[in-house]
Every structure is written in structure tokens, then in C-alpha cells.
Amino acid sequence: MDDYEISENIKRILYNVGEAKAKYRKSDETVRIMAVTKTVPYERVNAAVNEGITLLGENRVQEYFEKKDFYDKKAEINFIGHLQSNKIKYIIDSVTMIHSVDSVKLASEIDRYAARSGRLMDVLIEVNIGEEESKSGVLPDRLDELLGGVSELKNIRVKGLMSIPPIGKSEESFERLRRIFDDLKSAHYENTEMDILSAGMSADYVSAVKYGSNIVRIGSGIFGSRK
Ligand SMILES: *Cc1c(COP(=O)(O)O)cnc(C)c1O
């Protein structure tokens, strides 16, 4: 994938997101496109940043560390992958949000490192919307309990939900996720603002926008298929 193809891919995604927004969303709502960088060399990532995709999604701490110093300074980094407690210290100072919190234990560890760094860390709660054995994320019927625990932590702030639907079930999953998100908006937890719905990847972002996503996480759709 060269920079020209990356630029063309981004134009197409912006067009599709714009079209879905015009059709399904209120005019004042925004949808951010995140470039998911796993396996992608930093030069290619910077080509996407240069095209205006300034939000980057990182899955692996080690890989992120090898590339971060080479990223364009305009880039804002979110961590979106499975996060082990012993790796939090490596990312706490350079990411602006963690999308993949699915236990009070992980949240407490993030809280501890955030306190140590003197910052308030924004997090999303990852929901296992398809209730799949193989996936991380909290089950929908455990969300209330999780949010109750997480909302007691003073150095993290819950900003919304993230989810990866089962293959072939995006539409119904996004619809359900939206209902859960709206229900939680009207419940009032401490240190929680239900503003962000991180949903939709290369194959299903249009459907995610239809159901209220405001961050779509796109990897292969921008950078081509991963080897
Ligand atoms: C890899 C990944 C994506 C992007 O997947 P594509 O299908 O390549 O767009 C989005 N979110 C998460 C959590 C990922 O790991």
C-alpha cells in the first residue's frame, strides 16, 4: 500500500461516513475516524495522519513502543487492545484514552498508575455484545456491576463503550449496543459521562455509524490487508 492508495482509501471512508451521517444522524453529531496501526510501518501511519486522520489506535504495547517516537506529533493515541496490568505503566503518559477496560481489577490498576502520573485517564468499557466465549469485554448483564465499581475510582473517567461484534452479526449487535448505551446514559454513575461509542471496523463501519458510533476504528480499510 503506498501513500496514494492510503489517501484514496481515506477519501472513500470519509465519503461513506459522511453519507451515513447525513442519512441517519443529527447534523451536530460527529464521527471520528481512527486509524488502527497494528503491523503498519510508521511511515504509512504518518501518511494517514497527514491526510487528517490524527487519531491512532494501538493494540500491542511492544509494537507501539517501537513506533511511537516516529509518529507525527499531530497524532493522538488511544490504546484499543487487550491490556495486561503490568504494561499499563508503559502507556499511561502517552495515550489519551484506553478503549478496552473490562474488569474492575484492570480499572483499579489504571487508576493507580494514573494517580502516580498525576492525570485523569479516560477509558471506555469494552462490551462483549455477542456474549462470545472467545472474546474479551464485559457481558451486558454485568455492566451495571462493573460501572458501579469503576465509578468509585477517582483517577479514571468512563467516557463510553467499545465493542467488537460477532462476525456476520454487526447490524443487530450495533443496534443492541446502542440501546445499552442509551440506557446507561440515563443511569447516573460517578465519574462517568456516556458520550463515546467506539464501534465499527473496516467491514461494518457504515452500519456502526447508523447506530450511533462516534469513533470508527479502521485498519485494513485504510492500510490494506495485514500479512
Ligand atoms: C484490528 C482492530 C481493528 C481494525 O480492524 P480492521 O478490520 O482491519 O479495520 C479495530 N479494532 C480493534 C480492537 C482491532 O484490534
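Source: prediction; values computed, not measured.

Time to look at unusual backbone geometry. Of note, the phi angle at Glu131 is positive, near 50 degrees, even though the residue is not glycine. Positionally, Glu131 belongs in the loop between strand S5 (121-127) and helix H6 (143-150). Overall, the relative accessible area of 45% leaves Glu131 in the partly exposed class. Unusually for a residue other than glycine, Asn191 sits at a positive phi of about 55 degrees. In this structure, Asn191 sits in the loop between helix H7 (170-186) and strand S7 (192-198).

Looking now at the packing of aromatic side chains. Both the distance between ring centres and the angle between the ring planes are used here to describe each pair of aromatic rings. Under the defined criterion, the tally for this structure stands at three aromatic pairs. Residues Tyr42 and Phe70 carry aromatic rings whose centres are separated by 4.7 Å and whose planes lie at 20 degrees to one another, so their mutual orientation is stacked. Note that Tyr42 is positioned in helix H2 (residues 42-50) and Phe70 in the loop between helix H3 (61-67) and strand S3 (76-79), a separation of 28 residues in sequence. Take Tyr42: its relative accessible area is 28%, and that puts it in the partly exposed class. Classification of Phe70 by relative accessible area gives partly exposed; the value is 46%. Their ring planes at 75 degrees and their centres at 5.9 Å tell us that Phe65 and Tyr90 sit as a pair that is edge-to-face. Here the residue Phe65 occupies a position in helix H3, and Tyr90 occupies one in helix H4 (residues 88-91), the gap between them amounting to 25 residues. Residue classification places Phe65 among the partly exposed residues on the basis of a relative accessible area of 37%. Among the aromatic residues, those joined into a ring-pair cluster are Tyr64, Phe65 and Tyr90.

Quick notes on the rules
- Residues numbered from 1 in each chain as written.
- Predicted model: local features only at pLDDT ≥ 70, side-chain atom pairs only at ≥ 80, totals over all residues.
- Heavy atoms only, no water.
- Helix = DSSP H or I, 4+ residues; strand = E, 2+ residues; numbered from the N terminus.
- Buried < 20%, exposed > 50% of the residue type's maximum accessible area, 1.4 Å probe, protein only.
- Phe/Tyr/Trp six-rings, centres within 6.5 Å; stacked < 30°, edge-to-face > 60°.

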